[in-house]
Amino acid sequence: PRLLSQFFFADERVTRVVAEINGLDAELDPQQYLVLLNQLHLSQAHLLAVLERIMEECIPTQRHSRDYLVKFPEELLVDNLGNHMLFAAECLLAGTFLEMEESDGAQLRPQARNLLCSLELVRTVLREQSLSQPSSYPEPVRAVLIQFDRLFAEFELSYVSSLVAVKSPDEIFRQQEIIVLFCETVERALHLGYLTQEMIDGYEPLLMFTIPRLAIISGLLIYPEGPLSLERSPEEMSRVFSPFYNLLKKIRDLLWVLSAEELCLLERSLCTAE
């Protein structure tokens, strides 16, 4: 059950697969080469997973901040992102610039080299520690883990930033405004009886349509200074709503002429119409 023991065997597995790949002629046996590459991918993913648990146990308060992840597109936030970063660093060091311009890859190569050298040092230190005292983490081990964690985070941010447009602080703030608007909309809908707690707890599918519709009304009438504020230019709005700027103005103008009873009737109808 000891993490250092788990790391030892996970590291042994990676070493064994790498040795098999190095001893294989890929041109003579391409199918076996692909099989070994898949095994390497899986074994490295397991090794990184164990290493992550070790860092959480050994240096929980000294981890490098991962707040930058909120800047990444949602489709990149997958479970195997760390393993993809490791593969990207190996490719960069080998001179293969996947998915990016050669000039960008050349700039990232020093970071990739530092990361992979740090990983090798971590593997060496943890192997030695697992064979001597597998239940403790002396200061030299902690220092190596802290350095690796920092280099990994720095490379991850730099690599992803070179591939995609990461979100700006303003864009992140606008997204948070939308989250707040939706939360306040749900609270108001519960208070007025448009929705029930049972519908929310039961993940009622209709809510996927109802809540955004009610949020538009709330954003235009109830919280006019929020993310749907039409006092802003379209460029200042979230990309979720900016394409519909002119349509939102027309909706707001129509809502302004409704009485309280008509507005209530409209909102109730939006909670039932599909």
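Here the structure is a predicted model, which means the values were calculated and not measured.

1. Observations regarding the overall build of the chain
Link 1 in the chain: For the chain, the count of helices and strands is ten helices and zero strands.
Link 2 in the chain: Relative to its length of 274 residues, the chain is extended, with a C-alpha radius of gyration of 26 Å against a globular reference of 19 Å.
Link 3 in the chain: Considering only C-alpha atoms, the chain reaches an extent of 80 × 45 × 40 Å along its principal axes.
Link 4 in the chain: For the chain, the residues scored as buried account for 37% of the 274 residues in total.
Link 5 in the chain: Sequence-distant contacts, at least 24 apart, represent 71% of the contacts inside the chain between residues at least 6 apart.
Link 6 in the chain: Of the charged side chains in the chain, 23 are positive and 41 negative, and the gap between their average positions amounts to 2 Å.

2. What about the layout of surface pockets?
Think of a ball as big as a water molecule: rolled over the atoms, this probe shows where empty space is left.
Link 1 in the chain: Estimates place the volume of the second largest pocket at around 280 Å³.
Link 2 in the chain: Residue lining of the second largest pocket: Val18, Ile21, Asn22, Leu37, Leu40, His41, Gln44, Asn83, Phe87 and Glu90, and that is the complete set.
Link 3 in the chain: Those elements that provide at least two residues to the lining of the second largest pocket are helix H1 (3-22), helix H2 (30-58) and helix H3 (81-93).
Link 4 in the chain: With four residues, H2 is the single largest residue contributor to the lining of the second largest pocket.
Link 5 in the chain: Taken together, the residues that form the lining of the second largest pocket break down as five nonpolar, four polar and one charged.

3. Section: the packing of aromatic side chains
Link 1 in the chain: All told, the structure shown has three aromatic pairs when counted by the stated rule.
Link 2 in the chain: Here Phe8 and Phe9 contribute two aromatic rings whose centre-to-centre distance is 5.4 Å and whose plane-to-plane angle is 85°, an arrangement assigned as edge-to-face.

4. Some points on the pattern of salt bridges
Link 1 in the chain: Summed over all chains, the structure comprises twelve salt bridges.
Link 2 in the chain: Across the pair Glu56 and Arg63 runs a salt bridge, and its minimum N-O distance is 2.6 Å.
Link 3 in the chain: Here Arg63 falls in the buried class, since its relative accessible area comes to 18%.
Link 4 in the chain: A salt bridge links Arg66 to Asp149, with the nearest nitrogen and oxygen atoms 2.8 Å apart.

5. So, the domain arrangement of the chain
Link 1 in the chain: According to the domain assignment, the chain contains domain 1 (3-163) and domain 2 (169-272).
Link 2 in the chain: The distance between the C-alpha centroids of domain 1 and domain 2 comes to 43 Å.

6. With respect to the packing of H1 against helix H4 (residues 102-132)
Link 1 in the chain: For the pair H1 and H4, the least separation of the axes is 9 Å and the interaxial angle reads 130°. Relative to H4, the element H1 is oriented oblique. Relative to H4, H1 is oriented so that their crossing is left-handed. When H1 is examined against H4, the residues Leu4, Phe7, Phe8, Asp11, Val14 and Thr15 are found in contact with a partner set consisting of Arg123, Leu126, Arg127, Gln129, Ser130 and Leu131.
Link 2 in the chain: Looking at the contact of H1 with H4 residue by residue, the class counts come to six nonpolar, three polar and three charged.

7. Observations concerning the packing of helix H8 (residues 207-222) against helix H10 (residues 260-270)
Geometrically, a packed helix pair is captured by the angle between its two axes and the distance between the axes.
Link 1 in the chain: Following both chains from N to C, one finds H8 and H10 inclined at 155°, their axes separated by 9 Å at the closest point. With respect to each other, H8 and H10 are oriented roughly antiparallel. Contacts between H8 and H10 pair Thr210, Arg213, Leu214, Ile217 and Leu221 from the former with Leu263, Leu266, Glu267 and Leu270 from the latter.
Link 2 in the chain: Its residues placed into classes, the contact of H8 with H10 shows six nonpolar, one polar and two charged.

Rules used in this analysis
- Residues numbered from 1 in each chain as written.
- Predicted model: local features only at pLDDT ≥ 70, side-chain atom pairs only at ≥ 80, totals over all residues.
- Heavy atoms only, no water.
- Helix = DSSP H or I, 4+ residues; strand = E, 2+ residues; numbered from the N terminus.
- Rg over C-alpha atoms; globule rule 2.2 N^0.38 Å.
- Buried < 20%, exposed > 50% of the residue type's maximum accessible area, 1.4 Å probe, protein only.
- Contact = heavy atoms within 4.5 Å.
- Lys, Arg positive; Asp, Glu negative; His and termini not counted.
- Charge placed at Lys NZ, Arg CZ, Asp CG, Glu CD.
- 1 Å grid on protein atoms, 1.4 Å probe; cavity = no way out; pocket = protein on both sides within 12 Å on 5 of 7 lines; lining within 4 Å.
- Points joined across faces, edges and corners; volume = space filled by probe spheres on them.
- Nonpolar A, V, L, I, M, F, W, Y, C, P; charged D, E, K, R; others polar.
- Phe/Tyr/Trp six-rings, centres within 6.5 Å; stacked < 30°, edge-to-face > 60°.
- Salt bridge = Lys/Arg side-chain N within 4 Å of Asp/Glu carboxyl O.
- Domains from an automatic or database assignment.
- Axes fitted to C-alpha atoms, helices over the stretch in contact; angles between N-to-C directions.
- Parallel < 35°, antiparallel > 145°, perpendicular 65-115°, else oblique.
- Left-handed = near helix turned anticlockwise from the far one by under 90°.

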